[in-house]
Amino acid sequence: GHSWIGFSLFDGSLLIDLGRLNQVSIDPQSRTAVIHPAVTGQALNQQLAPHGLAFPVGHCQTVPMSGYLLNGGLGWNWNTWGPACFSIEAANVVLADGSLAVVNQEQHADLLWAIRGAGPGFFGVVTQYVLKLYPVPRAITATTYYYPLERIEEVGAWAEGIAGQLPREVELTIFCAQAPPAFAEQCRSSNGFVCILSATGFFDTPDKAAVTLSLLETCPVIFECLGKDVNQPTTMDTLLDLGGRFWPELHRCLADTLWSNSPPKQQLATVRDAFLQGPSAKSLALCAFSTGVENRMAVLPAAAFSMMAGTLLLCYAIWEQPEDDGVNIAWHREIVAALDPFAVGHYVGESDIIAEPVRAERSFVPANWQRLQSLRRTYDPDGLFHEPYTAG
Ligand SMILES: Cc1cc2nc3c(=O)[nH]c(=O)nc-3n(C[C@H](O)[C@H](O)[C@H](O)COP(=O)(O)OP(=O)(O)OC[C@H]3O[C@@H](n4cnc5c(N)ncnc54)[C@H](O)[C@@H]3O)c2cc1C
């Protein structure tokens, strides 16, 4: 599994391996897909592409749909298509008493509510999802501007302003990441890290993409831009491939997230200060902006998934050698603690809810958290499924 915190591994627990449940069946007419849990985002996307259809899969090709959908699923084009869990139309679930529940709006609607975002605390085994699909946008474009890390505050303050003007078809993100070789020399003073402004457009026409993204030229520090790659036509498959480069396989990782309404420039300044001392060149942080819709939660249907804010900040420590565990773990703890005052909540799918169980509760609005606990008591009264929010 892809859980950053190895959530399926608990002492004294039985692990159910669903890896061979990996089939996809697509109905282009009704624009729905029936998928097994172990299907990856890439496998789903590749089978949808010939039908001109798409789904908000996770940003890396290898992420399985199973836990991703349960978490909420913040994938490509989520500003338009919404967190992926809202596109779950039905599911099959094996319950704690061994029965198979067919879950949809008419039957077990409470379980459909829970599947849409309960995260690893879900109290059943999902063996199949029915997903709503979307037409692939005709003009997907990738735009990247590289700025010196020292300018990340200015870029963040300006991006906050334009996020409100950009339509929801634009996924706007600022990365703090290792500089590509072309800028490595210029980024030596910032410990090899660079500020990357990334705007992925999911438009219907190239003209709309070009006009809309011209706003990105208004950054007040554009004259310090180290390099740019503007409005390059791309595909869902290529986007997934790019995502994989930021999060390499077979590495040691720690992840944490926070939703925030604080000024992004403050969050990014904290990130910058930490990365200037970062022990691993592969670590990265990113700040994703909400575009197009003022209060997104208000326009989404009721579901367990209930925590969103102006920005989502994700911070990853990524390194290779076991002997570097200590220094990287300490560094990650420090940056997470420094960012914590900015948080209004967390994302259950990429936060360390084992080390900090309170982060699970803070991934939901209080009423939804209470309802999840109550549903758990109803559907799993004897606690067959591991109670996830206590250290183990
Ligand atoms: C490289 C990488 C990139 C990522 N990118 C994104 C991203 O773009 N957006 C995003 O939202 N998240 C992302 N994630 C996080 C991802 O959502 C979680 O890691 C998710 O748990 C992956 O699903 P999985 O099936 O591999 O989970 P697993 O690790 O297999 O399972 C984790 C837990 O989820 C529960 N679970 C999983 N499947 C089932 C099931 N069928 N029935 C019941 N419970 C189940 C269980 O409690 C299990 O212990 C990424 C993770 C990685 C490592």
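This is a predicted model, so every value here is computed, not measured.

Draft legend 1. Structural context of the sheet that holds strand 5 (residues 100-103). The five strands lie next to each other as 1-2-6-4-5, forming an open sheet whose pairing is antiparallel. Looking along the sheet, the strands with just one partner apiece sit at the ends: strand 1 (24-27) and strand 5. Taken pair by pair, the neighbouring strands of this sheet meet at an average axis angle of 10°, ignoring direction. As paired elements, strand 2 (residues 32-35) and strand 6 (residues 125-132) share four bridges and run antiparallel to each other. Within strand 6, the residue paired with Ile35 across the bridge is Tyr129. Packed on one face of the sheet, helix 1 (residues 41-48) meets strand 1, strand 2 and strand 6 and runs near 35° to strand 1.

Draft legend 2. View of the site of the ligand. Near the ligand, the surroundings consist of 28 residues, among which His2, His59, Ser66, Leu74 and Tyr347 are the closest. His2 places a main-chain nitrogen or oxygen 2.7 Å from an oxygen atom of the ligand. Against a free-state accessible area of 950 Å², the protein chains account for coverage of 87% of the ligand. Sorting the residues of the shell around the ligand by element identifies helix 2 (65-71) and strand 6 as the ones contributing at least two each. Considering each element in turn, the shell around the ligand owes the most residues, five residues, to helix 2. Here the residues of the shell around the ligand are counted per class, giving 15 nonpolar, twelve polar and one charged.

Draft legend 3. Broad picture of the pattern of salt bridges. Applying the stated criterion to the full structure yields eleven salt bridges. Where Arg151 meets Glu224, a salt bridge forms, and the shortest distance between an N and an O atom there is 2.8 Å. Here Arg151 is found in the loop between strand 8 (139-148) and helix 5 (152-163), whereas its partner Glu224 is found in the loop between helix 6 (206-213) and strand 11 (227-233), with 73 residues between them in sequence. Between Lys282 and Glu320 there is a salt bridge, with its nearest N and O atoms 3.1 Å apart. Of the two residues, Lys282 is situated in the loop between helix 8 (264-276) and strand 13 (284-289) and Glu320 in the loop between strand 14 (311-319) and helix 10 (325-339); the sequence distance between them amounts to 38 residues. In this structure, a network of salt bridges that share partners links the residues Arg151, Glu154 and Glu224.

Draft legend 4. Quick look at helix 10. Here helix 10 is 15 residues long and its end C-alpha atoms lie 21 Å apart, about the 21 Å a rise of 1.5 Å per residue gives. All of the buried residues in helix 10 are Asp325, Asn328, Trp331, His332, Ile335, Val336 and Leu339. When helix 10 is viewed along its axis, its buried side chains cluster within an angular range of 140° and face the same direction. When the buried face of helix 10 is taken as reference, the exposed residues oriented beyond 90 degrees from it are Arg333, Glu334 and Ala337.

Draft legend 5. Inspection of helix 8 at higher detail. Its 13 residues place the ends of helix 8 18 Å apart at the C-alpha level, agreeing with the 18 Å of an ideal helix rising 1.5 Å per residue. Residues of helix 8 that are buried include every one of Pro264, Gln267, Leu268, Ala269, Thr270, Val271, Arg272, Ala274 and Phe275, and no others.

Draft legend 6. Structural view of the packing of helix 1 against helix 7 (residues 236-246). Helix 7 packs onto helix 1 with a crossing angle of 165° between their chain directions and a minimal axis gap of 10 Å. By the angle between their directions, the pair helix 1 and helix 7 is classed as roughly antiparallel. Considering only the axes of helix 1 and helix 7, their crossing is left-handed. Residues Gly41, Gln42, Asn45 and Gln46 of helix 1 form the contact with helix 7, whose own contacting residues are Met236, Asp237 and Leu240. Its residues assigned to classes, the contact of helix 1 with helix 7 shows two nonpolar, four polar and one charged.

About the cut-offs
- Residues numbered from 1 in each chain as written.
- Predicted model: local features only at pLDDT ≥ 70, side-chain atom pairs only at ≥ 80, totals over all residues.
- Heavy atoms only, no water.
- Pairing = 2+ DSSP bridges.
- Helix = DSSP H or I, 4+ residues; strand = E, 2+ residues; numbered from the N terminus.
- Axes fitted to C-alpha atoms, helices over the stretch in contact; angles between N-to-C directions.
- Contact = heavy atoms within 4.5 Å.
- Near = heavy atom within 4 Å.
- Polar contact = N/O pair within 3.5 Å; in protein donor to acceptor, adjacent residues only side chain to side chain.
- Areas by Shrake-Rupley, 256 points an atom, 1.4 Å probe, with all protein chains shown as cover.
- Nonpolar A, V, L, I, M, F, W, Y, C, P; charged D, E, K, R; others polar.
- Salt bridge = Lys/Arg side-chain N within 4 Å of Asp/Glu carboxyl O.
- Expected span 1.5 Å × (residues − 1).
- Buried < 20%, exposed > 50% of the residue type's maximum accessible area, 1.4 Å probe, protein only.
- Arc of directions from axis to C-beta.
- Parallel < 35°, antiparallel > 145°, perpendicular 65-115°, else oblique.
- Left-handed = near helix turned anticlockwise from the far one by under 90°.

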